[in-house]
Amino acid sequence: MSPTASYEADPAQVARVCLLYSGGLDTSVMLKWIQEQYGAEIVALTINLGQPGEDFDIVRGKAVDLGAVDARVVDAREEFAHEYVLPAIKANALYGGGYPLFTALGRPLLAKIAVDVARETGCDTIAHGCTGKGNDQVRIEATIAALGPELKVIAPVRDWRMGREEEVAYAREHGIPIKGGIETPPYSIDDNIWGRSSEGGAIEDLNEAPRRDVFNLITPPEEAPDEPEEVELEFEAGVPVGLNGERLGLVELIERAGEIGARHGVGVVDHIEDRIVGLKVRDLYEVPAAAIVLTAHRELEKLVSTRHQNLFKPGLDAHWGFLVYAGLWHEPLLGDLNAYMDKANETVTGTIALKLYKGRADPIRRASPYALYDPQLAGFGESGGLFSQSASPGFIELWSLQSRMAYAIRNREQKED
């Protein structure tokens, strides 16, 4: 079959492949399959974005055992937090009103690192384990095409059309150990420090509520503690810098916020989602850190921004989220939006306290040196002062002028009748 895109690899020209390797079934089968089908050397690349419970030494050793000529593990947690998650925080990034983009944020970074490692190790091709039905193929391949146009791409899962049973059979035949010893995991999982997704299996039945076994990160809200817990976040120019009075680096702050939120059942998202490729799917997300940090950031932003800013920015936030979801990390418009987000966040400084209880994260205290809130103006305890109540009737007359005129004109016939 001839390639349909200029960046797709010609099998005859593939000699050394940089494989984005997770250690799971798909990429482990791929590691062997590429050697067989292409006669190519494999450089296995595993990237740490904060996947909980992952032993990267084991993953690397498995790649070597399966024939990789080189196996590298890159710790990209700091870069991911500061260069990808932080812009998402400033943009209050949610796609479809619920998904905080943790996978979408990670994919352009994976592809960027893959381009760098491919060049360092003399690879001519990059391979990934994305399917032809998902968004990640778009995010990864668009980034590779932008950053490494000389490199080619192969996507075996998209090409070989093996189902789960065929992959398991291939793994057995070639002595490939199945991660965790589970040959047919109930769900497809992806995770990093910003969240965890589960899809497939019983989740695809829209008539079925999420099963208990889907929750790996978060305590189901009904099982969360009966006593609420308060958590206070501090921001400087939109950047989370402190948790419960302690200044922390961004990675540690996200991890700690996630642990606290998970304990209280915060951050469960049962989501119907429109994929880039046109499919409508159901995903279950566990996003305790994002649920806490984004809620606090939005609340602080409301406190320090004018009405006009608060009406205008959500539209840009939504467009930012769409571009990232759609794999357009290197679209110039995203850079333009980032410049606006940085400017809009210059005064997003202060603290927000949230009460966590049975899956909820509710703001209960707010403070900022830039707060556009004055209790003397807003309170009902005093009359007059800086706010002239006597000026209100004139304001009301002018404010409602066009609306009143339109109402009168459009109801003129009724009055005449």
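In this text the structure is predicted, and so the values were computed from the model without any measurement.

Considerations on the sheet that holds strand β8 (residues 229-236)
The strands that make up a sheet pair up through hydrogen bonds in the backbone, lying either parallel or antiparallel.
Consideration 1: One open sheet holds the five strands; their spatial order is β10-β9-β8-β13-β14, and the pairing between them is antiparallel. Looking at strand neighbours, the two that pair on one side only are β10 (246-247) and β14 (360-367), the edges of this open sheet.
Consideration 2: Bridge count for strand β13 (residues 350-357) against β14 is seven bridges, and the pairing is antiparallel. Considered in β14, the bridge of isoleucine 352 is made with arginine 366.
Consideration 3: Set on the sheet, helix α8 (residues 250-263) makes contact with β8, β9 (239-243), β10 and β13; between it and β9 the angle comes to about 65°.
Consideration 4: Lying over the sheet, helix α9 (residues 288-304) contacts β8, β9, β13 and β14, oriented at roughly 135° with respect to β13.

Observations regarding a nonpolar patch on the surface
Consideration 1: Together, Ile276, Val277 and Leu279 give the surface a local cluster of nonpolar side chains, amounting to about 200 Å² of exposed area.
Consideration 2: Along the polypeptide, isoleucine 276 turns up in the loop between β11 (268-274) and β12 (280-286).
Consideration 3: Isoleucine 276 sits in the partly exposed class, given a relative accessible area of 33%.

A short note on empty space enclosed by the protein
Where empty space is left in the structure can be found by rolling a water-sized probe over the atoms.
Consideration 1: Here the structure, examined in full by the defined rule, presents one cavity of 30 Å³ or more.
Consideration 2: Quantified by volume, the largest cavity comes out at close to 40 Å³.
Consideration 3: Taken together, Arg196, Ser198, Val214, Phe215, Val268, Leu284, Tyr285 and Glu286 make up the full set of residues lining the largest cavity.
Consideration 4: Counting residues per element, the ones that place at least two in the lining of the largest cavity are β7 (195-199) and β12.

Brief notes about the environment of arginine 172
Consideration 1: With respect to the secondary-structure elements, arginine 172 resides in helix α7 (residues 164-173).
Consideration 2: The sequence separation of arginine 172 and leucine 20 amounts to 152 residues, and the corresponding C-alpha distance is 22 Å.

Structural notes on the packing of helix α3 (residues 77-90) against α8
Consideration 1: The geometry of α3 relative to α8 is characterised by a closest axis approach of 9 Å and an angle of 80° between their N-to-C directions. The orientation of α3 with respect to α8, classified from their angle, is roughly perpendicular. Listed contacts from α8 to Arg77, Glu78, Ala81, His82, Val85 and Leu86 of α3 are Leu250, Val251, Ile254 and Glu255.
Consideration 2: Its residues assigned to classes, the contact of α3 with α8 comprises six nonpolar, one polar and three charged.

Thoughts on unusual backbone geometry
Consideration 1: Even without being a glycine, alanine 237 presents a positive backbone phi close to 50°.
Consideration 2: For alanine 237, the position within the fold is in the loop between β8 and β9.
Consideration 3: One non-glycine residue with positive phi stands out, namely lysine 358, at about 50°.
Consideration 4: Mapped onto the elements, lysine 358 comes out in the loop between β13 and β14.

What to know about the sheet that holds β7
Consideration 1: Strand order in the open sheet formed by four strands is β6-β7-β12-β11, and the pairing between neighbours is antiparallel. Single-partner strands in this sheet number two, and they are β6 (188-192) and β11. Neighbour to neighbour, the strand axes of the sheet diverge by 25° on average, direction disregarded.
Consideration 2: Bridge count between β11 and β12: seven bridges; the pairing is antiparallel. By the bridge assignment, valine 269 is partnered in β12 with tyrosine 285.

The rules behind the values
- Residues numbered from 1 in each chain as written.
- Predicted model: local features only at pLDDT ≥ 70, side-chain atom pairs only at ≥ 80, totals over all residues.
- Heavy atoms only, no water.
- Pairing = 2+ DSSP bridges.
- Helix = DSSP H or I, 4+ residues; strand = E, 2+ residues; numbered from the N terminus.
- Contact = heavy atoms within 4.5 Å.
- Axes fitted to C-alpha atoms, helices over the stretch in contact; angles between N-to-C directions.
- Patch = residues over 30% accessible without salt bridge, like charges linked within 9 Å, V, L, I, M, F, W, Y side chains within 5 Å.
- Areas by Shrake-Rupley, 256 points an atom, 1.4 Å probe, with all protein chains shown as cover.
- Salt bridge = Lys/Arg side-chain N within 4 Å of Asp/Glu carboxyl O.
- Buried < 20%, exposed > 50% of the residue type's maximum accessible area, 1.4 Å probe, protein only.
- 1 Å grid on protein atoms, 1.4 Å probe; cavity = no way out; pocket = protein on both sides within 12 Å on 5 of 7 lines; lining within 4 Å.
- Points joined across faces, edges and corners; volume = space filled by probe spheres on them.
- Parallel < 35°, antiparallel > 145°, perpendicular 65-115°, else oblique.
- Nonpolar A, V, L, I, M, F, W, Y, C, P; charged D, E, K, R; others polar.

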